[in-house]
Amino acid sequence: SQTIHQWPATLVQPVGSPLSLECTVEGTSNPNLYWYRQAAGRGLQLLFYSVGIGQISSEVPQNLSASRPQDRQFILSSKKLLLSDSGFYLCAWGGTSAYEQYFGPGTRLTVT
Amino acid sequence: TQLLEQSPQFLSIQEGENLTVYCNSSSVFSSLQWYRQEPGEGPVLLVTVVTGGEVKKLKRLTFQFGDARKDSSLHITAAQPGDTGLYLCAAEDSNYQLIWGAGTKLIIKP
């Protein structure tokens, strides 16, 4: 069966510091991968998605970036965090169609 | 711009009561999904509906896709505290990406 991992679970970072969040998927090949951000108790905002290694599409211009160095690895990065980057970050994988996405446990990021 | 509007935004009821939450749009979708999310966790897919008028049941949860495939409802019978969570609907847009509603936060009091 497929599983998706995210780490760390919780992160507190000062403004201006770099960020690296990692997501890995097991049990499937060539998945579509997604990074979302969620405000407290609200819906999901798509940040990036990838249909293959090195292929990244950005949905929202901001100081975040994403990379996919391996088929089942998706990384979210920032060179300098802003206070507004605080939130709950979710990684998801899906098949060739966008629907029926499966989510990791999320990372709670607090920028202080 | 395709939007999904969920209502109500917040609902708090007693255990044993019935409830219905809604997901509406002016756009037609090829499919619509419902997810449940518990605090501090990722959303979990509950169901996908693809045919206009389709009804799917998952134990005490009944999901319906509107005949015109623009809206959907989720009905819970005899709600239990374990049903507490954020219920999100999502649908595939014309760019083959999921768009998301803002969610209904449901609290079932014992």
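Note that the coordinates shown come from a computational prediction; the quantities given were computed from them, not determined experimentally.

Q: Please give an account of the side chain of Ser 31 of chain B that cites residues and values.
A: Residue position: Ser 31 of chain B is located in the loop between strand 3 (19-24) and strand 4 (32-37). Here the side chain of Ser 31 of chain B touches Gln 33 of chain B through a polar contact of 3.1 Å, side chain to side chain. Setting aside chain neighbours within four positions, we find Ser 31 of chain B in contact with Tyr 99 of chain A together with Thr 48, Val 49, Val 50, Phe 65, Ala 90, Ala 91 and Glu 92 of chain B.

Q: So, the sheet that holds strand 8 (residues 71-76) of chain B: which residues are in play, and what are the values?
A: Strand pairing within a sheet occurs via backbone hydrogen bonds; the two strands may be parallel or antiparallel. Residue and element names in this part refer to chain B. Read across the open sheet, the 5 strands follow the order 1-3-8-7-6; overall the sheet is antiparallel. Each edge of the sheet is formed by a strand with only one pairing partner; in this case those strands are strand 1 (5-7) and strand 6 (55-58). With strand direction ignored, the average angle separating the axes of adjacent strands in the sheet is 15°. Note that strand 1 and strand 3 share 3 bridges and pair antiparallel. By the bridge assignment, Ser 7 is partnered in strand 3 with Tyr 22.

Q: So what about the packing of aromatic side chains? Which residues, and what values?
A: Overall, the coordinates contain 10 aromatic pairs over all chains when judged by the stated rule. Ring plane angle 45° and centroid distance 6.5 Å describe the contact between Trp 34 of chain B and Phe 63 of chain B, whose orientation is recorded as tilted. Separated by 29 residues along the polypeptide, Trp 34 of chain B in strand 4 and Phe 63 of chain B in strand 7 (residues 61-65) bring together distant segments of the chain. Judged by its relative accessible area of 0%, Phe 63 of chain B is buried. Both rings, one in Tyr 35 of chain B and one in Trp 100 of chain B, keep their centres 4.9 Å apart while their planes meet at 45°; by these two values the pair is tilted. With a gap of 65 residues between them, Tyr 35 of chain B in strand 4 and Trp 100 of chain B in strand 10 (residues 98-100) connect regions that are remote in the sequence. No difference in accessibility class separates Tyr 35 of chain B from Trp 100 of chain B, as the two residues are buried. Through pairs of rings, three or more aromatic residues link up here, namely Tyr 34, Tyr 36, Tyr 49 and Phe 103 of chain A together with Tyr 35 and Trp 100 of chain B.

Q: Which residues make up the sheet that holds strand 3 (residues 19-26) of chain A, and what values go with them?
A: Residue and element names in this part refer to chain A. The strand order across the open sheet formed by 4 strands is 1-3-8-7, and the pairing between neighbours is antiparallel. Of all strands in the sheet, those bounded by a partner on one side alone are strand 1 (3-7) and strand 7 (64-70). The average undirected angle you get between the axes of adjacent strands in this sheet is 20°. Here 5 bridges tie strand 1 to strand 3, and the two strands are oriented antiparallel to one another. Considered in strand 3, the bridge of Ile 4 is made with Val 25.

Definitions and limits used
- Residues numbered from 1 in each chain as written.
- Chains lettered and ligands numbered in written order.
- Predicted model: local features only at pLDDT ≥ 70, side-chain atom pairs only at ≥ 80, totals over all residues.
- Heavy atoms only, no water.
- Helix = DSSP H or I, 4+ residues; strand = E, 2+ residues; numbered from the N terminus.
- Polar contact = N/O pair within 3.5 Å; in protein donor to acceptor, adjacent residues only side chain to side chain.
- Contact = heavy atoms within 4.5 Å.
- Pairing = 2+ DSSP bridges.
- Axes fitted to C-alpha atoms, helices over the stretch in contact; angles between N-to-C directions.
- Phe/Tyr/Trp six-rings, centres within 6.5 Å; stacked < 30°, edge-to-face > 60°.
- Buried < 20%, exposed > 50% of the residue type's maximum accessible area, 1.4 Å probe, protein only.

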